Structure formats: structure tokens, C-alpha cells
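Here is how the chains run, residue by residue.
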2 protein chains.
Amino acid sequence: MINGSESGPAPASSGNPSASGAVLDLLGLLAYAELGAFFRLADDAELAPSLADKGELAGLAATEYAHYKLLRDRLEELGADPQAAMEPFVEPLESWHTRTTPQSWLESLVKVYVGDGIAGDFYRQVAELADARTRELVSGVLSETERAEFIAAKVREAVADDPKLAGRLALWARRLVGEALSQAQLVATQRPDLAAMLVSEGADSEVGDLAAVSRMFARLTDSHTARIQAMGLTT
Amino acid sequence: MINGSESGPAPASSGNPSASGAVLDLLGLLAYAELGAFFRLADDAELAPSLADKGELAGLAATEYAHYKLLRDRLEELGADPQAAMEPFVEPLESWHTRTTPQSWLESLVKVYVGDGIAGDFYRQVAELADARTRELVSGVLSETERAEFIAAKVREAVADDPKLAGRLALWARRLVGEALSQAQLVATQRPDLAAMLVSEGADSEVGDLAAVSRMFARLTDSHTARIQAMGLTT
């Protein structure tokens, strides 16, 4: 397995998956994911069909910013440089965004829902493994399920109006998660400690356990299926 | 003077400058100004030299969104349709943004400072003329002077490092305010009640008082000069 020492500033050499390097990696990943989501949402708002919808998208973006700020402040509290902690994840996340540029308002809603859902899976994982303060922060972020419900309802409504949309949007959602998994695989090889922490299922998990990585991907795919159903999209 | 009746949903016929149509116009104008500023700031962040600066710009944008939300909620409280109230101002504000697209990080900082400054002048005017609840909302917005100070300091710092920048950025600031005034003149002819309220200097002001409009422009220009000095730009 490739060693992560040349790909960024966070330590990535210890075999202990709960080492602070892995927590910093995860906070950095989530922080840049939120900041990147903020900017993409603001870009996508050009697709919004009305001023009211533009306002809604801006509100979603402002929430992503608030999460970014919580994560950045936590990184600073831990004595880390937030910019250095985010840096290794800029390229994979930007690649994901570039490969999944929405072509319509509904595609951008599905992307927010799927992207937030995947982020939520990561937050839950960190909530189980990180220190108490970080756990508190993460549960604050996760408690904002209301807006996810609002998006799922908007998509369900559109699909009820025009059932042909369901298949197309389900394909789009599958592409979103496929591209996310291929970026995640790249990150996992470059940040072995982070990967180990994410796949950790107990004391017996270890760095480079590819079977555990596959099981994590399977868990992500299962949650994705649940989200597809929540949006009323056939699979 | 052109009558505003064909240009939008807000009433624009009474000679009383404090009529509710003018207040709705002003709240709609400010609301769209904030929403537009949110999206432009998010766009401009691509020019930011670092992740930390990108985060700062995202924070400024999130504040614009929070202001938008206050204004939109106030419009709803007043029984108005926020979308209809904003509509007449979308084109002039978008024209301003299109004519003043920043080409650098510093230009975008100067634009935020100048744009927020002009908006502040409008907020102050409405604070004097509108009802108590609206006044309260406006003073909440105006109390956030901290971030404006942060921007002025960033520009001053850059100019101290490279004094050649001062003249160029001062020219840019002059162009920003010039383009704003030409859009404002268009709006003033289309929304006479709004114009009358904005230029109101007491009981003797009336609709279509072009001298009063000129005096308001002169006041705006004076405040602009003060802002140029705060940013350390020669005039």
C-alpha cells in the first residue's frame, strides 16, 4: 500500500487507526467537503427555476458554510492548521464535483441529497471513533435532517408530476455515488490511517485491510439505496 | 417622469414618499441586493489566493444570505410576496454585477466593500423613514461593521506592500460607483415612489424632484470618498 507521507502534512504512518493524524484527516476531509459544497451549491443556483428557489439553494449553501466553520474551528482548537488539514482532499473532492456537474435543477437537488447523505455516513463513523468534543460537534451537524427532508420531498414531487424522470435521476444518483467511490478509493490508498479509521469495526481492523474497505463501501451503497427510495426514484 | 405602473407589482402611484409601496420596493431592492451579493461573492471566491481566503469569502457570502433572509421574512410579515418585491430590481442589479466583474482577488474585496457601503447608505435612509420593526431589522444589519473593517484592512495591507496598486484600485472603485449610479438612475425613473422616499429630506420633498435625486447622489459620492480613504486608496 502506498504510504501517505508525500501527499500532505498530516501524519500517516502509525498503525493505530484512532491516532490523531487520522482524526485530523477526517476533520480536514469533512471541512473541505463542506466548503466545496458551499461553492458548488452557489454555482448550481443558476439552474434554479425561480428567485424563491435560488433563495432556498443559497440557504442550503449557508448551512454548509456553518458546518465548515465548526470543523475549521475544531481543527484550530486541536492545534492543527485547517488549510494544511484540508489540502490533501481538495483534488479528490474537486474531481468529484467536476465529474458530476448537474445539468438541471433536479440533478443539483439530487446531488445535494446524495452528497450530504454520504457525508452523513462519514460523520456517523467519526462520531463513534473520535473524542467526546468532536463527537458533540458531529452530532450537531447530523441533527439538521430537516433540510434533507425538504430536498427529498421536492424530488418526490417532481417525479410524481413526471414519472419518466425517476429512471433518469436514479441513473444520475448512481453515477454520483460511483464517482464518489472511485475518489474515495484514491484517498484510501493515499491516507492509510484515515482509511483504517473509517473501516474500523473493532479492535481487529488494521491498516490496508482491503476486505474492510469493501465492507465500508457496501455499507455506503446500502445507505445510498435507502436515499434513492426516500427521493421516490426507482432503482 | 415615467410612471412605474408597468414595471412591477408594487404600487407606484401615490405622491406620499413614505407609502407602503415604496417601503416594499426598498425591502425588495435590498433583499435582491443581498441575494445577488451572496452569489457573486461565491463566484468571486475562485480568485481567492488560498483556502483560508476562500473560507473568508464564503463567510462573507453566508452573512449576505442571513441579511437576505431577514429582509425576505420581513416582506412576508408585511403580507408581500418577496419574489414579486425583488423582481423589478433583478435586472438593474445583475447589470451592475455584469459590468463590474472583478478580475482579481483585490478587486473583488474592493467591490464587496464599496457595494456593502452603498447598501449601508440605503439601509440608513430606510431606517429613518420606515416603521419601527423595519428600522430594528435594518439596525441589526448595520451593526455588522466588523467584517467591513476586515476587508478595508486587507486592502490597506496589500496597498502598503505594493503602492502601485492604489491608483488602479481607486479607478476600479470609481467605476463601481459610477456603474451603480447609472443603474440607480434607471431604477429611480421606473420606481418614482422609491426614489422619492430615498431622496426625502423632509416634508417638502416630492416625486420627481430631480434636484433632490442629485443631492442623494452627491451624498452617496461623499460616503464613497470616505470609503476610498478607509481602504488606503488615493483619489
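Looking at an unreviewed UniProt entry, chain A carries the name Ferritin-like domain-containing protein, with the source organism given as Spinactinospora alkalitolerans.

### Quick notes on the packing of helix 2 (residues 51-77) of chain A against helix 1 (residues 20-44) of chain B
Their axes nearest at 11 Å, the elements helix 2 of chain A and helix 1 of chain B cross at an angle of 55 degrees. By the angle class used here, helix 2 of chain A and helix 1 of chain B are oblique. You can see that helix 2 of chain A and helix 1 of chain B cross each other, and the crossing is left-handed. Two secondary-structure elements touch here, helix 2 of chain A through A:Leu51, A:Lys54, A:Gly55, A:Ala58 and A:Ala61 and helix 1 of chain B through B:Tyr32, B:Leu35, B:Phe38 and B:Phe39.

### Considerations on the interface of chain A and chain B
Across the contact, 23 residues belong to chain A and 22 residues belong to chain B. A combined buried area of about 1,800 Å² lies between chain A and chain B, and 73% of that area is made up of carbon and sulfur atoms. The largest share of the area that chain A buries against chain B comes from A:Phe39, A:Leu51 and A:Gln83, three residues that together contribute 32% of it. In this structure, the connection of chain A to chain B is made through zero salt bridges. At the boundary of chain A with chain B, the tally comes to one residue pair in polar contact (both at pLDDT 80 or more).

### Quick look at the relation of the copies chain A and chain B
Relative to chain B, chain A is turned by 180 degrees and slid 0.0 Å along the rotation axis, the superposed coordinates differing by an RMSD of 0.0 Å. Such a combination of rotation and displacement between the chain copies is what one expects of a two-fold axis. Every residue of chain A has its C-alpha some distance from the rotation axis, and the shortest such distance is that of A:Ala62, at 2.5 Å. Interface residue correspondence from chain A to chain B reaches 96%, placing this contact among same-surface, isologous pairings.

### Let's talk about helix 5 (residues 132-142) of chain B
Residues and elements named next belong to chain B. Buried residues of helix 5: Thr134, Leu137, Val138 and Val141, and no others. One face of helix 5 carries all of its buried residues, which in axial projection span an arc of 95 degrees. More than 90 degrees from the buried face of helix 5, the exposed residues found are Ala132 and Glu136.

Parameters at a glance
- Residues numbered from 1 in each chain as written.
- Chains lettered and ligands numbered in written order.
- Predicted model: local features only at pLDDT ≥ 70, side-chain atom pairs only at ≥ 80, totals over all residues.
- Heavy atoms only, no water.
- Axes fitted to C-alpha atoms, helices over the stretch in contact; angles between N-to-C directions.
- Helix = DSSP H or I, 4+ residues; strand = E, 2+ residues; numbered from the N terminus.
- Parallel < 35°, antiparallel > 145°, perpendicular 65-115°, else oblique.
- Left-handed = near helix turned anticlockwise from the far one by under 90°.
- Contact = heavy atoms within 4.5 Å.
- Buried area = accessible area lost by both parts, 1.4 Å probe.
- Salt bridge = Lys/Arg side-chain N within 4 Å of Asp/Glu carboxyl O.
- Polar contact = N/O pair within 3.5 Å; in protein donor to acceptor, adjacent residues only side chain to side chain.
- Least-squares fit on C-alpha atoms with pLDDT ≥ 70 in both.
- Buried < 20%, exposed > 50% of the residue type's maximum accessible area, 1.4 Å probe, protein only.
- Arc of directions from axis to C-beta.

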